[in-house]
Every structure is written in structure tokens, then in C-alpha cells.
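Here are the chains, one letter per residue:
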Amino acid sequence: MIRRSVLLGTGSALPERAVSNAELAKTVDTSDQWIVERTGIRNRHIAGEGETTGTLAILAARRALEAAGLEGKDIGLIVLATATPDQTFPATAAKVQHAIGANGGIAFDVAAVCSGFLYAIAVADSMLQSGMAQRALVIGAETMSRILDWEDRTTCVLFGDGAGAVVLESREVAEDGPGIIASRLHADGAHCDLLCVDGGPSSTGTVGHIRMRGPEVFKHAVVNLAGVLTEVLAAAGIEPKDVDWVVPHQANQRILDATARKFGLPPEKVVVTVDRHANTSAASVPLALDTAVRDGRIKPGDLLVLEAMGGGFTWGACVLRA
Ligand code: ACO
């Protein structure tokens, strides 16, 4: 037997308003054809009045708790990944904690942009393994639309809003049983200017807007993701052919295809939601995970690989059995 953090339930939430490429092209100098060909994106959800990172995170958390058959009081740890918190402080995780009635446990945010969920799940797993808590909610939630420059067509067409959550429980399981088997994380601050926000509370005193040198980010993403996938599979002692589902960060269909090719994975094993949700940063992996659990693709016992790369640069991957 071995102690592992076991996935008990997943949940997600999207803003009410869906915005198609055609609708976007009414106000931005772009076209459905350009966006689909370069990115695979057809649609994204954009937060309206009253919808925030916190409200989306709370909805996703409640759905994950319901799927796990648990209540807020059962959760001792909340780790929430976001680059777009409701306020500079308190942590959005603290708001979620109060809303679900988990008061008194541990709650904090992590900032690793699009890799945020991978960082959050690795941190939560380590804390569960060290006995800091018995059950954790790990959330990725973003309202990227609030930091987009809607005059910059090279970035504003790429992102969307949403939230996803998972419930983990520390349990004794058989060696081939469920739970997180291995995680690997990396960062390289040398490239922080290629993908960043040009503001912040301590530098400009403003929230700022996303700035990205897309083609350069693309090249780093494929190399870094293939590297960390190789590393995490070796750590887990499995081969690419053993993987049932890859649940990647949903930045761009071409990155998903290039990474799968480089890694020798058939495209049918890759969960794709970028067409519907666009890039939701830290929310994209748990949103895609919840989508594939709820539509019946991911079943108990399946071997999953989660991966992401984002601003910083940061990147990471995780192998777990559902
Ligand atoms: N609509 C129409 N034309 C556009 C648009 C648009 N929305 N945006 C740019 N163009 C034009 C450019 O101006 C350029 O025109 P030019 O040739 O006349 O100068 C042309 O399209 C090609 O631009 P490129 O930037 O070279 O286009 P590319 O094929 O590289 O695609 C893209 C751009 C989609 C951003 C791509 O580089 C990419 O996906 N990069 C990775 C970005 C990414 O995934 N980031 C997220 C990872 S990390 C994270 O999630 C935060």
C-alpha cells in the first residue's frame, strides 16, 4: 500500500456570455478564418457584470464538492491558481473558503499563470502527503478578459474566462491504485518579457494588460512541454503508450498537435476544449478535465497526464490515475 492524493470529484464553471469569432470580428480587426486557422479557437466565454474570478471559482468548487459527495466543512486546504484575482488581497482562495463553509482550514493563491493549476496541484499533493490536511480543493480560475487590451488583436482573440476545480483526498491505496503518481515543475525567468502583464500594484500601480510575443512563446512551449512530459513519465515509470488521456493546457490547437506529435501520442488521446473555451490560463486544465470526466471519456482507473506552460516562463506536468 502507498499513500496518495486521490481525485474524488471535478467541477467547472463558465461565464454566461459566449462570444464567437464572428462576434469578435465586429469590434476587432480579425476574422473567424484567421483565428480558427492559427489557433483552433471558435468560441470563448467572457465574464459579465457580477461575474468574477471568485464567483466562477466558488461555482466550480461547489460542483466539484457535489461530485465528490462532500461539503465545505470536509475541506482542510484550498489552493487556488490565478493571475487575475478579484483583489490584490485577500487571496481569492479565502473568499472561496468562506463561501463554501470551509472556514478555519488553509487557503491561499498561487501565481504561475497558465501553469498555475499544475503548480497548485503539486503544492496541494505535497501538503496532503506531509499531513497538513486530509482533503484539498485545488482550483484554477481566471477572468483574463479583464486584463486584455481589446485594441491588440494579437492577444485579445486568444483568451477566455472560466474556472475548474478538483477535490483530492489523502488515502492509502494499492501501488496500481488511484491518485497522483508524479509531478514535475519548472520555471525560467530569463524569458519573462515574452509573455507578461505590463502593470501591477508595486510597479505601475495599475492592473496592466497582457503582452505576448506569440511566435517565440510557441517555440518555447513545444520544447518545454515535450521535455517535462518525458521527465514526468520517467518519474512515474510509465511509457507514452500506457497513457489513456492527456489533458493539456488549452492555448492553441497547433501547440497541442505539435506536442502530441513530438511525444508520439495519438491525437485521439488528447482532450481538446480550446475550440470552445479559448485559453483560460490557470482554469484551462481543470476545465478540460471536468469536461472529459462529465462526458464520460475519462473513467475510474484511467491513467492521465496533465501538462501546462505559461508566463514566467513556468511549466509543469502531472501523472495521476483517476
Ligand atoms: N487577426 C488577423 N490577423 C492577425 C491577428 C488577428 N487576431 N493577429 C495577428 N495577425 C496578423 C499579424 O499582424 C501578422 O500579419 P503580418 O504578416 O502582416 O505582419 C500575421 O497575422 C501573422 O502573425 P504571427 O504572430 O506571425 O502569427 P502566428 O502564426 O505566429 O500566430 C499566435 C500567432 C496564434 C499568437 C501564435 O504565435 C501562438 O499561438 N503563439 C503561442 C501563444 C500561446 O500559446 N500563448 C499561450 C501559452 S502560455 C499561456 O497560455 C499564457
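For the structure itself, consult the block above.
In this text the structure is predicted, and so the values were computed from the model without any measurement.

A few words on the sheet that holds strand β13 (residues 314-321). On the basis of which strands lie adjacent, the open sheet formed by 4 strands has the order β8-β13-β12-β11 and mixed pairing. On the outer flanks of this sheet lie β8 (179-187) and β11 (245-248), each paired with one strand and no other. Direction aside, the axes of adjacent strands within the sheet are offset by 15 degrees on average. Here strand β12 (residues 303-310) runs beside β13; their pairing, made up of 8 bridges, is antiparallel. Among the inter-strand pairings, Glu-307 is bridged to a residue of β13, identified as Ala-317.

A few words now on empty space enclosed by the protein. Under the definition given, this model contains 1 cavity of 30 Å³ or more. There is about 70 Å³ of room inside the largest cavity. As for the largest cavity, its lining consists of Leu-229, Val-246, Pro-248, Ile-255, Leu-256, Thr-259, Ala-260, Phe-263, Leu-265, Val-270 and Glu-307. Of all the secondary-structure elements, those providing two or more residues to the lining of the largest cavity are β11 and α8 (253-263). Its residues assigned to classes, the lining of the largest cavity shows 9 nonpolar, 1 polar and 1 charged.

Along helix α4 (residues 92-100), the residues classified as buried are Thr-92, Ala-93, Val-96, Gln-97 and Ile-100. Taken end-on, α4 shows its buried residues confined to a sector of 145 degrees, consistent with a single buried face. Lining the buried residues of α4 we find α3 (53-68), β4 (77-81), β5 (106-110) and β6 (135-143). Of the residues trailing α4, Gly-101 is marked for its positive phi of about 80 degrees.

It is worth spelling out unusual backbone geometry at this point. With an omega dihedral of 5 degrees, the bond running from Phe-89 to Pro-90 counts as a cis peptide bond. Among the structural elements, Pro-90 can be located in the loop between β4 and α4. Along the chain, Gly-312 connects to Phe-313 via a cis peptide bond; the corresponding omega equals -15 degrees. With respect to the helices and strands, Phe-313 occurs in the loop between β12 and β13. You will see that Ala-278, though not glycine, has its phi angle at about 60 degrees, which is positive. In this structure, Ala-278 sits in the loop between α9 (274-277) and α10 (284-294).

Quick look at α10 now. Taken across its 11 residues, α10 has 9 buried, putting it largely inside the fold. Every buried residue of α10 is accounted for by Ser-284, Val-285, Pro-286, Leu-287, Ala-288, Leu-289, Asp-290, Thr-291 and Ala-292. Looking one or two residues past α10, Gly-296 carries a phi angle of roughly 90 degrees, positive in sign.

A separate point is the site of the ligand. Inspection of the region around the ligand gives 24 residues, with Thr-30, Arg-38, Cys-114, Asn-252 and Asn-279 positioned closest. Gly-214 has a polar backbone atom sitting 2.9 Å from a nitrogen atom of the ligand. Residue Pro-215 places a main-chain N or O atom 3.3 Å away from an oxygen atom belonging to the ligand. Relative to its free-state accessible area of 1000 Å², the ligand is covered by the protein chains to the extent of 73%. Counting only elements with at least two residues in the shell around the ligand, the list comes to α2 (32-39), α6 (153-156), α7 (214-236), α8 and β12. For the shell around the ligand, the leading source of residues is α7, giving 4 residues.

What counts, and at which threshold
Residues numbered from 1 in each chain as written. Predicted model: local features only at pLDDT ≥ 70, side-chain atom pairs only at ≥ 80, totals over all residues. Heavy atoms only, no water. Pairing = 2+ DSSP bridges. Helix = DSSP H or I, 4+ residues; strand = E, 2+ residues; numbered from the N terminus. Axes fitted to C-alpha atoms, helices over the stretch in contact; angles between N-to-C directions. 1 Å grid on protein atoms, 1.4 Å probe; cavity = no way out; pocket = protein on both sides within 12 Å on 5 of 7 lines; lining within 4 Å. Points joined across faces, edges and corners; volume = space filled by probe spheres on them. Nonpolar A, V, L, I, M, F, W, Y, C, P; charged D, E, K, R; others polar. Buried < 20%, exposed > 50% of the residue type's maximum accessible area, 1.4 Å probe, protein only. Arc of directions from axis to C-beta. Contact = heavy atoms within 4.5 Å. Near = heavy atom within 4 Å. Polar contact = N/O pair within 3.5 Å; in protein donor to acceptor, adjacent residues only side chain to side chain. Areas by Shrake-Rupley, 256 points an atom, 1.4 Å probe, with all protein chains shown as cover.

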